[in-house]
Amino acid sequence: MKSTVQTQRWYGYFFIGLSVVALGMTGLLALPLIDRALLLTTALTLLVYGLTYQPRIARSWWRILLGVSLVVGVVDVVLTLTVAPELVTALFSFALPFAFLSVLLGFLKRRVQA
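Residues numbered from 1 in each chain as written. Predicted model: local features only at pLDDT ≥ 70, side-chain atom pairs only at ≥ 80, totals over all residues. Heavy atoms only, no water.

### Examining the packing of helix α2 (residues 33-51) against helix α4 (residues 87-109)
For clarity, the threshold we go by: Each axis is a line fitted through C-alpha atoms, and for a helix only the stretch in contact is used; angles between axes span 0 to 180 degrees, taken between their N-to-C directions. A run of H or I in DSSP counts as a helix once it spans at least four residues, and a run of E counts as a strand once it spans at least two, with each numbered from the N terminus. Angle categories are assigned with fixed cut-offs, so that under 35 degrees is roughly parallel, over 145 is roughly antiparallel, 65 to 115 is roughly perpendicular, and the rest are oblique. Take the far helix as the reference: if the near one is turned anticlockwise from it by less than a right angle, the crossing is left-handed, and if turned clockwise, right-handed. What makes two residues a contact is simply this: any of their non-hydrogen atoms within 4.5 Å. When residues are grouped by polarity, Ala, Val, Leu, Ile, Met, Phe, Trp, Tyr, Cys and Pro land in nonpolar, Asp, Glu, Lys and Arg in charged, and all others, Gly among them, in polar.
Contact pair α2 / α4: the axes reach a minimum separation of 9 Å and the direction vectors enclose 20 degrees. When the axis of α2 is compared with that of α4, the two are roughly parallel. Every pair of crossing elements has a handedness; the one defined by α2 and α4 is left-handed. Residue-level inspection shows I34, A37, L38, T41, L44, T45, V48, Y49 and L51 of α2 in contact with α4, the latter providing S93, F94, P97, F98, F100, L101, L104, L105 and L108. When its residues are assigned to classes, the contact of α2 with α4 shows 15 nonpolar, 3 polar and no charged.

### Looking at the packing of helix α3 (residues 59-83) against α4
Running from N to C, α3 and α4 point in directions that differ by 170 degrees, and their axes come no closer than 11 Å. By the angle class used here, α3 and α4 are roughly antiparallel. Residues W62, L65, L66, S69, V72, G73, D76, T80 and L81 of α3 touch α4, and the partners they reach there are L87, A90, L91, F94, F98, L101, L105, L108 and K109. Considered class by class, the residues forming the contact of α3 with α4 number 13 nonpolar, 3 polar and 2 charged.

### A closer look at α3
Stated formally: In a helix, the anticipated span is given by 1.5 Å times the number of residues less one. Whether a residue is buried, partly exposed or exposed follows from its accessible area with a 1.4 Å probe, protein chains only, as a fraction of its type maximum: under 20%, in between, or over 50%, in that order.
Helix length check: α3 (25 residues) gives 36 Å between terminal C-alpha atoms against 36 Å at 1.5 Å per residue, within 8%. Within α3, the full set of buried residues consists of W62, L65, S69, V72, G73, D76, L79 and T80. As for α3, its buried residues are in contact with α2, β1 (57-58), α4 and β2 (112-113).

### Details of the nonpolar core
Formally: The set of buried Ala, Val, Leu, Ile, Met, Phe, Trp, Tyr and Cys residues whose side-chain atoms join them within 4.5 Å is what this entry labels a nonpolar core.
With 16 residues, the main nonpolar core has V48, I57, L65, L101, L105 and L108 as its most contacted residues. At the level of elements, α2, α3 and α4 are the ones that each hand at least two residues to this core. It is α4 that contributes the most residues to this core, 6 residues altogether. Each residue touching L108, except ones within four places of it in the same chain, is listed here: V48, L51, T52, I57, W62 and L65.

### So, the packing of aromatic side chains
Stated precisely, the cut-off is as follows: Think of it this way: a Phe, Tyr or Trp ring, Trp meaning its six-membered ring, pairs with another when their centres are within 6.5 Å, and the plane angle makes it stacked under 30 degrees, edge-to-face over 60, tilted otherwise.
As enumerated under the stated definition, the model contains 7 aromatic pairs in all. Plain terms: the ring middles of W10 and Y13 are 5.1 Å apart, the flat faces sit at 85 degrees to each other, and that makes the pair edge-to-face. Here Y13 and W10 lie together in helix α1 (residues 4-28), a separation of 3 residues that amounts to about one turn. Residue W10 is classed as exposed on the basis of its relative accessible area of 53%. Ring geometry for F15 and Y49: centres 4.6 Å apart, planes at 75 degrees, overall edge-to-face. Separated by 34 residues along the polypeptide, F15 in helix α1 and Y49 in helix α2 bring together distant segments of the chain. The exposure class assigned to Y49 is partly exposed, which follows from its relative accessible area of 23%. An aromatic cluster is defined as three or more aromatic residues linked by ring pairs; in this entry it consists of Y11, F14, F15, Y49, Y53 and F100.

Okay, here's the thing in structure tokens:
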């Protein structure tokens, strides 16, 4: 029988796999630019969520995730301001993934090892 830690690790792998699928869909599907950016943000959020199931993460990986999240956030806001006709609706569509991503990155920081 699998232990709880092993089961949780496999949950993490499942969400990391979903992030890879979402990233693949971002590149393969013909979507408007704003939808592609939202799918990329969702893929990043799923990746970080999958990593929260791992027992620990290296500090360098956490910093890379934080940097990529900040870059994706800036790109999404700039894209929304330049492309989206309804700014408020477009910004709200990014608000939930960004809020979830922020909470996950904060939670993941507790598992960072030096």
